[in-house]
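Next come the chains, spelled out residue by residue.
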Amino acid sequence: MSAAAFAIGVDLGGTNLRAGAVDASGAVLCRRSVPVGADKSAASVVRLVAAEVRAIADELAGTPAAIGCGIPGIVDAAGGIVQASPHFPLWNEEPMRERISAALSLPVTIDNDANCHALGEARCGAGRWHRNVICLTLGTGIGGGLILDGELFRGDRGYAGEVGHIVVEPEGEPCGCGGRGCLEQYAASHGFSVFARRLPEAQRTALVAAAGAPEGELTPEIMARLADEGNAVAQELWEEWGRYLGVGIATLVNTLGVMTFVIGGGIVRSWDKFIGAARASALSHTYPRHASELVFLKAELGDDAGIVGAALLERSSSIMAGRRIP
Ligand SMILES: [Zn+2]
């Protein structure tokens, strides 16, 4: 491998497109970020991706050894097709791999964006010493990716890893997926509003007054501030938040036998407020012997995880061989 060898990873979001060049060690050599813009058509996004990839290749004066693209939505990685995407509602069974590849005249690999984040963290970030890793990105929803036996597990047609829709309350909160009681209604940013609604009225009124925000807008940032100020109700709601996360994690432990969880997203800034409760809750719903085995790790790569993972997608890419788990 020449010193200049690099792969390009693209992390497409609904608002921004991030892209970067990644070397054999998993280091990001350069990165770019541009707004996706109002035109969400596949043709427009393909042009944007191609332009960013070309700009990076020009900057490094080289041809990428591999190009990977993480896309939000249901992605059939093997077929190279985005079946549907919440951020790009016009897309329907869109053959994005072929379209991006045609625009660049280079081979391209695509996958779900959360899978790319997970792959990046598992191979080059917090999970790099572990063979089996589940990555959870906690935000407005929960992104998940499963790395089993060192490889990304996609399930049939890319349906695996939807950990945010693990049911933790069968008759619980309605979810955007059409179901009820999904984990991401509790252990994601909306959860505090759900918990506040269940409080006795006097406590709820005091919490909303201290927050200076309506019950439906109790963000993790506000709740972190209140907890730091010593607000006991806010501290308890962080623990409640952690307990739900633990229930979801217990399901994953019991189903897959994976003991290493990499947790990312802005909420990780409040790690100490919820992780103890999450661990206790997960252990209370799994076999006692797991107490010494269950590991929760903070994600390390931040916004770079999606770029690094996308760059790693092309499994045959020899430039990444050094990072493969034995
Ligand atoms: Zn759901």
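Conventions adopted
Residues numbered from 1 in each chain as written. Predicted model: local features only at pLDDT ≥ 70, side-chain atom pairs only at ≥ 80, totals over all residues. Heavy atoms only, no water. Helix = DSSP H or I, 4+ residues; strand = E, 2+ residues; numbered from the N terminus. Buried < 20%, exposed > 50% of the residue type's maximum accessible area, 1.4 Å probe, protein only. Donors = N, O, S within 2.8 Å, 3.2 Å for Na, K, Ca; no water. Tetrahedral: all angles 85-135°; square planar, octahedral: opposite > 155°, others 65-115°. Pairing = 2+ DSSP bridges. Contact = heavy atoms within 4.5 Å. Axes fitted to C-alpha atoms, helices over the stretch in contact; angles between N-to-C directions. Expected span 1.5 Å × (residues − 1). Right-handed = clockwise from strand over helix to strand, strands pointing away. Phe/Tyr/Trp six-rings, centres within 6.5 Å; stacked < 30°, edge-to-face > 60°. Lys NZ or Arg CZ within 6 Å of the ring centre and 35° of its normal.

K.L.:
Mind showing me how you'd approach the environment of A202 here?
P.N.:
On the secondary structure map, A202 appears in helix α5 (residues 201-211). Sequence separation of A202 and V75 is 127 residues, and the distance between their C-alpha atoms is 47 Å.

K.L.:
So what exactly am I meant to see when it comes to unusual backbone geometry here?
P.N.:
Among all residues save glycine, negative phi is the norm, and among peptide bonds the norm is trans. Here E93, not a glycine, exhibits a phi torsion of approximately 50°, which is positive. Of note, E93 is situated in the loop between β6 (81-84) and α2 (96-104). Residue class for E93 comes out partly exposed when judged on its relative accessible area of 39%. Despite not being glycine, R157 has its phi angle at roughly 55°, a positive value.

K.L.:
I keep staring at the coordination of the zinc ion and nothing clicks. Help me out?
P.N.:
Geometrically, a metal with four donors at the corners of a regular tetrahedron has ideal angles of 109.5 degrees, and one with six donors at the corners of a regular octahedron has ideal angles of 90 or 180 degrees. For the zinc ion, the protein coordination sphere consists of H165 (ND1), C175 (SG), C177 (SG) and C182 (SG), at 2.0 to 2.3 Å. Taken together, the four donor atoms coordinating the zinc ion span angles of 106 to 118° at the metal, a pattern that classifies the geometry as tetrahedral. Mapping the donors of the zinc ion onto the primary sequence gives the spacing H-x9-C-x1-C-x4-C. Placement of H165 in the loop between β10 (151-152) and α4 (191-197) and of C182 in the loop between β10 and α4 is noted, with a sequence separation of 17 residues between them. A relative accessible area of 27% places H165 in the partly exposed class.

K.L.:
Before we go on, may I ask you to explain the sheet that holds strand β12 (residues 295-298) in this structure?
P.N.:
Sheets are built from strands that pair by backbone hydrogen bonding, the pairs being arranged parallel or antiparallel. The five strands lie next to each other as β10-β9-β8-β11-β12, forming an open sheet whose pairing is mixed. Each end of this open sheet is capped by a strand with a single partner; those strands are β10 and β12. Of the strand pairs in this sheet, strand β9 (residues 142-148) and β10 are connected by two bridges, and their pairing is antiparallel. Each bridged residue has a counterpart across the sheet, and for I147 the counterpart in β10 is L152. Helix-sheet contacts for helix α3 (residues 113-124) involve β8 (133-138), β9, β10 and β11 (260-264), and the interaxial angle to β9 is about 50°. Packing against the sheet, helix α7 (residues 232-256) makes contact with β8, β9, β11 and β12, and its axis sits at approximately 155° to β8.

K.L.:
What's the story with helix α8 (residues 271-284) in this structure? I'm lost.
P.N.:
Working note: α-helix, 3.6 residues per turn, so residues spaced by three or four point in the same direction. The first and last C-alpha atoms of α8 sit 20 Å apart over 14 residues, in line with the 20 Å expected at 1.5 Å per residue. Taken together, the buried positions of α8 are W271, F274, I275, A277, A278, S281, A282 and L283. Buried residues along α8 sit in contact with α7, β11 and β12.

K.L.:
Explain the pairing of β11 to me, please; I cannot follow it from the model alone.
P.N.:
Looking along a regular strand, one sees the side chains alternate between the two faces of the sheet. Burial of β11 is extensive: five of the five residues sit out of reach of the surface. Residue alternation in β11 divides its side chains into two sets, T260, V262 and G264 and F261 and I263, and both sets are buried. Here four bridges tie β11 to β12, and the two strands are oriented parallel to one another. Bridge pairing in β12 links I263 to K298. Each parallel crossover has a hand, and the one from β11 via α8 to β12 is right-handed.

K.L.:
Hey, could you run me through the packing of aromatic side chains in this one?
P.N.:
Two aromatic rings are characterised by how far apart their centres lie and by the angle between their planes. As enumerated under the stated definition, the model contains 12 aromatic pairs in all. Judged by centre distance (6.1 Å) and plane angle (90°), the rings of F261 and F296 are edge-to-face. Taken together, the residues span a long stretch of sequence, with F261 in strand β11 and F296 in strand β12 at a distance of 35 residues. Each member of the pair F261 and F296 is classed as buried. When the ring of W271 is compared with that of F274, the centres are 6.0 Å apart and the planes differ by 70°; the resulting orientation is edge-to-face. Here W271 and its partner F274 are both found in helix α8, three residues apart, which amounts to about one turn of the helix. Residue classification places W271 among the buried residues on the basis of a relative accessible area of 10%. Assessed through its relative accessible area of 0%, F274 is described here as buried. A network of ring pairs unites the aromatic residues Y186, F192, F195, W238, W241, Y244, W271 and F274 as a single cluster. The residue whose ring lies beneath R289 is Y287, and the NZ or CZ to ring-centre distance is 5.4 Å.

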